Amino acid sequence: MSKSLLPSVLFALALASMAWSNAAHSALSCLAALAVLVIAPRDFAERLPQYSKYVTMMIVLVLIGYALAEDRESAYNDIKGVWPLAHLFFVPIAVCSKSRHAFITTFMYIGGLAAVYSTLQYFSLLDRSNYEHQGGHYIATSHIWAFCVSMTTLVAVSFDSFLRKPHLPEKIQALAICALALFALWINQERANFLLALLCMGLIPLLHQDCTRRAKLYIISIIPVILVIAVAFAGPKLALLGEIFNDPEAALNPLRIAHWRVACDGFFSAPWLGHGLGSYPALAIEHHVHGEYLASYVRDQGHIWCHNMPLQLLATTGIAGTSIAAFVAYKITAPLFSIIKVHNQAAVIGLCACLIHFGASITDTPSLHSVRLAAFTILIGFAYGAQKNR
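Think of each chain on its own: its residues are numbered from 1, step by step along the sequence as written. Local features in a predicted model are, by the rule used here, given only for residues with pLDDT of at least 70; side-chain atom pairs are given and counted only at 80 or more, and totals for whole chains, interfaces and linings are based on all residues. Here the side-chain values reflect all heavy atoms present in the structure, with hydrogen atoms and water set aside.

Draft legend 1. Geometry of the overall build of the protein chain. Here a strand is any run of E in DSSP of at least two residues, a helix any run of H or I of at least four, and the numbering for each starts at the N terminus. Helix and strand content of the protein chain: 18 helices and two strands. With C-alpha atoms as the basis for the radius of gyration, the globule rule is written as 2.2 Å multiplied by the number of residues raised to the power 0.38. Its C-alpha atoms give the protein chain a radius of gyration of 21 Å, near enough to 21 Å, the size a compact globule of 390 residues would have. With the C-alpha coordinates aligned to their principal axes, the bounding extent of the protein chain is approximately 60 × 55 × 40 Å. Partly exposed describes any residue whose relative accessible area lies between the buried limit of under 20% and the exposed limit of over 50%, with all areas from a 1.4 Å probe on protein chains only and scaled to the type maximum. Counting across all 390 residues of the protein chain, residues that qualify as buried make up 52%. A contact between two residues is defined here by any heavy atoms of the two lying within 4.5 Å. Residue pairs in contact within the protein chain that sit at least 24 positions apart in sequence constitute 74% of those at least 6 positions apart. Surface accessibility follows the Shrake-Rupley procedure with a 1.4 Å probe radius. Residue values consider only the protein chains on display as shielding. Accessible surface, the protein chain as shown: approximately 18,100 Å² in total, 65% of it carbon and sulfur. Working convention for charge: Lys and Arg count positive, Asp and Glu count negative, and His plus the chain ends are omitted. Where a charge lies is defined by one atom per residue type, namely NZ (Lys), CZ (Arg), CG (Asp) and CD (Glu). Counting 25 positive and 20 negative side-chain charges, the protein chain places the centres of these two groups 17 Å from one another.

Draft legend 2. Highlighting the side chain of Gln-345. Structurally, Gln-345 is set in helix α17 (residues 344-360). A residue is classified by how much of its surface remains accessible, and Gln-345, at 12% relative accessible area, is buried. Excluding residues within four positions of it along the chain, Gln-345 makes contact with Arg-100, Ile-104, Asp-160 and Arg-164.

Draft legend 3. Quick look at the packing of aromatic side chains. Pairing of aromatic rings covers Phe, Tyr and Trp, the last through its six-membered ring, and needs centres within 6.5 Å; plane angles under 30 degrees mean stacked, over 60 mean edge-to-face, and all others mean tilted. According to the stated counting rule, one finds 13 aromatic pairs in the structure shown. With 5.3 Å between their ring centres and 85° between their planes, Tyr-54 and Phe-327 make a pair best called edge-to-face. Here Tyr-54, found in helix α3 (residues 52-68), pairs with Phe-327, found in helix α16 (residues 309-338); they are 273 residues apart in sequence, far enough to count as distant. Phe-327 gets classed as partly exposed once you look at its relative accessible area, which sits at 36%.

Draft legend 4. Layout of a nonpolar patch on the surface. Like-charged residues within 9 Å of one another, or nonpolar side chains (Val, Leu, Ile, Met, Phe, Trp, Tyr) within 5 Å, are grouped into patches, provided each residue has over 30% relative accessible area and no salt bridge. Salt bridge, as used here, is a side-chain nitrogen of Lys or Arg placed within 4 Å of a carboxyl oxygen of Asp or Glu. A grouping of Met-57, Val-60, Leu-61, Ile-64, Leu-68, Phe-327 and Tyr-330 is seen on the molecular surface, where their side chains present a nonpolar patch of about 680 Å² in accessible area. Of all elements in the fold, only α3 and α16 reach the threshold of two or more residues within the nonpolar patch. Sort the elements by how many residues they give to the nonpolar patch and α3 lands first, with five residues. Within the fold, Leu-68 resides in helix α3.

Draft legend 5. Spatial organisation of the environment of Ala-67. Mapped onto the fold, Ala-67 is located in helix α3. Once the C-alpha coordinates of Ala-67 and Leu-277 are considered, the two residues, 210 residues apart in sequence, prove to be 9.4 Å apart.

Draft legend 6. Region of interest: unusual backbone geometry. For Gln-189, which is not glycine, the phi dihedral falls at a positive 60°. Its place among the elements puts Gln-189 in the loop between α8 (168-187) and α9 (191-207). The class of Gln-189 is buried, set by a relative accessible area of 13%. The phi dihedral of His-307 falls on the positive side, at around 65°, and the residue is not glycine. Mapped onto the elements, His-307 comes out in the loop between α15 (291-300) and α16.

Draft legend 7. How the structure looks around the environment of Ile-257. Relative to the elements of secondary structure, Ile-257 occurs in helix α13 (residues 254-269). Judged by relative accessible area, which is 11%, Ile-257 ranks as buried. Taking C-alpha positions, Ile-257 is 32 Å from Ile-222, a pair spaced 35 residues apart along the chain.

Draft legend 8. Examining empty space enclosed by the protein more closely. Only protein atoms enter the 1 Å grid, on which a cavity is a set of points fitting a 1.4 Å probe that cannot get out and a pocket is an open set with protein on both sides within 12 Å along at least 5 of 7 lines, lining residues being those with an atom within 4 Å of a point. Grid points are joined across faces, edges and corners, and a volume is the space filled by probe spheres set on the points. In the structure shown here, the tally under the stated rule is one cavity of 30 Å³ or more. Computed from the structure, the largest cavity encloses a volume of approximately 100 Å³. As for the largest cavity, its lining consists of Val-149, Thr-153, Asn-193, Ala-353, Ile-356, His-357, Ala-360, Pro-366, Arg-372, Ala-375, Phe-376 and Leu-379. Those elements that place two or more of their residues in the lining of the largest cavity are α7 (144-164), α17 and α18 (370-385). A class-by-class count of the residues in the lining of the largest cavity yields eight nonpolar, three polar and one charged. Ten residue types, Ala, Val, Leu, Ile, Met, Phe, Trp, Tyr, Cys and Pro, are classed as nonpolar, four, Asp, Glu, Lys and Arg, as charged, and the remainder, Gly among them, as polar.

Draft legend 9. Expanded view of the pattern of salt bridges. Counted by the stated rule, this structure contains two salt bridges. With its nearest N and O atoms 2.7 Å apart, the salt bridge here joins Asp-160 to Arg-164. Highlighted residues: Asp-160 and Arg-164, both in helix α7, separated by four residues, approximately one helical turn. Two residues, Arg-372 and Asp-364, come together in a salt bridge whose shortest N-O distance is 3.2 Å. This pair shows no difference in class: Arg-372 is buried, exactly as Asp-364 is.

Laid out in structure tokens, this is it:
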């Protein structure tokens, strides 16, 4: 293997390792970053994407917010998981058009093995791992957050490869990996990730330059059928999706709704600058309506965020902080639309990464979890790097 491919393969391993370990991506990312520094071109700074200056500005403002926080320990909990923002600087240098095949192949096959392993556990052909998280038992090969973000990403990447591969055996392999990853999400009853995976499967043919109009209509018409069948035969958690219109509070979870109401009240009481980083746990415990209900969850079960990224930002950083974060997100996402015709694969994978991450932000706070943020930033870095010829 050429040494120029090493950083790209290491970042792919970091992404795939999330399906096997909650922490391995950290070590692999560090190795990849070191490899980039060793073999990086001299014009490293000049080759950084345009968004890098905006991300740098946001990081500086976050550090200022931490310095001004009243509760430094709680504020540290808010920012300790954002270190994967560094991937936005290193991955675009590590990946180029010549190394994107190595990146995708490495990720697909190692992530696919985790999907196979989870499926074999489900059918009792292997001993079940039964990972526990907040009272739930999961048939996975890693912590449920890491496993599901890896499987959701794998669905998008493998489905794109299925449409893009020229030969039938390669198409069958890619489709099999995609189906196994989607089945792994179904097994574990992760509603948001399962829906986001299906949405990616609907978005990809719309953006795909080699997909005929008939093929696009066929694929998009199949996705609702998959959803209906999946919900019909699902366990109690995923089956709640069928009640989203009849009983939305039960489908969305009363605990999550209580968190959202606390965050909304926090925002309305300090709309412009918010209550500061690290302030949400105190807002939840001291809330006049939901404080007693949420106190044990916050103190004993680690519910220190409000399960909605925009509301979390509004409550803690106000309109000012939320506007800055939205502006940076726009600067990262918008250029991807302009390269759909020129660098189709890079654009498709980058936009799927945005859909997965921003979509998950509606019901959770993935930007504050290092493993989920890393999946997003590695794929975004890939999308920008894959446009380069060297």
